[in-house]
Amino acid sequence: MLNDIVLAISNFMYTYLLIIILLAGGFYFTSRTRFIQFRMFRESLRVVTERPDRAGSVSSFQALMVSTASRVGTGNIVGISTAICCGGAGAVFWMWVIALIGGASAFVESTLAQIYKRRAPDGSCYGGPAYYIEAALRSRPLAVVFAVALVLTYAGGFNMLASYNLQSAFAGFSFYGDHSPFLIGLILAVLFAACVLGGAHRLTKVTGTLVPIMGVLYVVIALVVVLMHLNLVPTVFQNIFASAFDFPAIFGGFAGSCMMEGIKRGLYSNEAGMGSAPNAAATADVSHPVKQGLVQ
């Protein structure tokens, strides 16, 4: 019964409400910022290396790594493979489109987090959508609802999904046994506690070290797979564009079409507009709020 309730809510939110709101927001912000994700792309690469003025503060790069830690993971592996399986090769094209449009949403939400961030007694920064909802929209109840929803999403949904996918990946190995899920869960819990209980500074140090390594390995492995199947690359691109613009197939079964699957997974994998990345963006010590928006 619980599964049916969750699926019903998820299907409604993900097929109608969230898709329309996030897409509309992305197009609106792209228009109002005059295509900032393209116009200031070179500047975004430059400011990512800016160091904070205060010694020991979270740098722009470290804040980016915290948010990237959630962006590069389950959504980019399991989510995208699901989109291709369900929606076909054309889903990849629509994921590209959503990534480009979502850049403006990521810029706006992270810049707002910097504008309305707060400083702790020790000089560190904190903030996020809940804080600028309260300050800018002057709605504390809505801010509380958002904060509770975000805690439940990450403390429960996202982490549980990532943990499940990680341990299920081990099921294909011969050493996987009846107690393996428990052992893997225990190791994850210890590592998670070591990071989180050390506060924001330890979390940023860990992600600042691990995420670049993870990102490089992710790209290197992807390139190795591409090079091993180089003869198939032209066919792959042909299938992507042919399926992406197969309009009878798109609108014939819209809910499960390549366009809808691409939009869904694109929004999930880059998290633009979800309100998660701004919490990390707010911790950065930068000379101007827009700089962290560009970085994110």
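Above this text you will find the structure in question.
Here's what I pulled together on the structure shown here. (Residues numbered from 1 in each chain as written. Predicted model: local features only at pLDDT ≥ 70, side-chain atom pairs only at ≥ 80, totals over all residues. Heavy atoms only, no water.)

1. Quick look at helix H7 (residues 129-136)
- Of all the positions in H7, only Pro 129, Ala 130, Tyr 132 and Ile 133 are classed as buried.
- In the core, the buried residues of H7 are packed alongside helix H6 (90-115), helix H8 (140-169) and helix H14 (277-281).
- Among the residues trailing H7, Arg 138 stands out with phi positive, at a value near 55°. (Buried < 20%, exposed > 50% of the residue type's maximum accessible area, 1.4 Å probe, protein only. Helix = DSSP H or I, 4+ residues; strand = E, 2+ residues; numbered from the N terminus. Contact = heavy atoms within 4.5 Å.)

2. Points about the nonpolar core
- Counting 16 residues, the largest nonpolar core has Ile 19, Ile 263 and Leu 267 as the members making the most contacts within it.
- Those elements that provide at least two residues to this core are helix H1 (2-32), H6, helix H11 (233-244) and helix H13 (258-270).
- Tallying contributions element by element places H6 first for this core, with 6 residues.
- With near-sequence residues (within four places) excluded, Ile 19 lies in contact with Met 13, Tyr 14, Met 260, Ile 263, Lys 264 and Leu 267.
- By size, the runner-up hydrophobic cluster in this structure holds 10 residues, among which are Met 65, Phe 107, Leu 294 and Val 295. (Core = buried A, V, L, I, M, F, W, Y, C linked by side-chain atoms within 4.5 Å.)

3. A few points about the environment of Tyr 132
- Checked against the element boundaries, Tyr 132 lands in helix H7.
- We classify Tyr 132 as buried; its relative accessible area is 12%.
- Separated by 100 residues in sequence, Tyr 132 and Leu 232 have C-alpha atoms that sit 48 Å apart.
- Once residues lying within four places of it in the same chain are set aside, the contact partners of Tyr 132 are Glu 109, Leu 112, Ala 113, Tyr 116, Leu 137 and Pro 278.

4. Let's talk about the pattern of salt bridges
- For the structure on display, the rule yields 5 salt bridges.
- A salt bridge links Arg 119 to Asp 285, with the nearest nitrogen and oxygen atoms 3.6 Å apart. Taken together, the residues Arg 119 in strand E1 (residues 118-119) and Asp 285 in the loop between H14 and helix H15 (289-295) connect sequence positions 166 residues apart.
- Given a relative accessible area of 43%, Arg 119 falls into the partly exposed group.
- The class for Asp 285 is buried, based on a relative accessible area of 9%.
- As a salt-bridge pair, Glu 134 and Arg 140 come within 2.7 Å of each other at their nearest N and O atoms. (Salt bridge = Lys/Arg side-chain N within 4 Å of Asp/Glu carboxyl O.)

5. Observations concerning the packing of H6 against H11
- Between H6 and H11, the shortest axis-to-axis distance is 6 Å and the interhelical angle comes to 80°. Comparing their axes, H11 and H6 come out roughly perpendicular. Residues Gly 90, Val 92, Phe 93, Trp 94 and Trp 96 of H6 form the contact with H11, whose own contacting residues are Phe 237, Asn 239, Ile 240, Phe 241, Ser 243 and Ala 244. (Axes fitted to C-alpha atoms, helices over the stretch in contact; angles between N-to-C directions. Parallel < 35°, antiparallel > 145°, perpendicular 65-115°, else oblique.)

6. Description of the side chain of Gln 167
- Looking at the element boundaries, Gln 167 is found in helix H8.
- The exposure class assigned to Gln 167 is buried, which follows from its relative accessible area of 14%.
- Reaching out from Gln 167, the side chain makes a polar contact with the side chain of Tyr 176 at a distance of 2.6 Å.
- The contact partners of Gln 167, leaving out residues within four places of it in the chain, are Tyr 176, Pro 181 and Ile 184. (Polar contact = N/O pair within 3.5 Å; in protein donor to acceptor, adjacent residues only side chain to side chain.)

7. Considering helix H4 (residues 60-71)
- Taking 1.5 Å per residue, 12 residues should reach 16 Å; H4 reaches 17 Å between its end C-alpha atoms and fits that length.
- Of all the positions in H4, only Ser 60, Ala 63, Leu 64, Met 65, Ser 67, Thr 68 and Arg 71 are classed as buried. (Expected span 1.5 Å × (residues − 1).)

8. A few points about the packing of H7 against H8
- One way to put it is that H7 packs onto H8 with a least axis distance of 8 Å and a crossing angle of 170°. Classified by the angle between their axes, H7 and H8 sit roughly antiparallel to one another. Across the interface between the two elements, Pro 129, Ala 130, Ile 133 and Glu 134 from H7 touch Arg 140, Leu 142, Ala 143, Phe 146 and Ala 147 from H8.
- Classifying every residue of the contact of H7 with H8 gives 7 nonpolar, no polar and 2 charged. (Nonpolar A, V, L, I, M, F, W, Y, C, P; charged D, E, K, R; others polar.)

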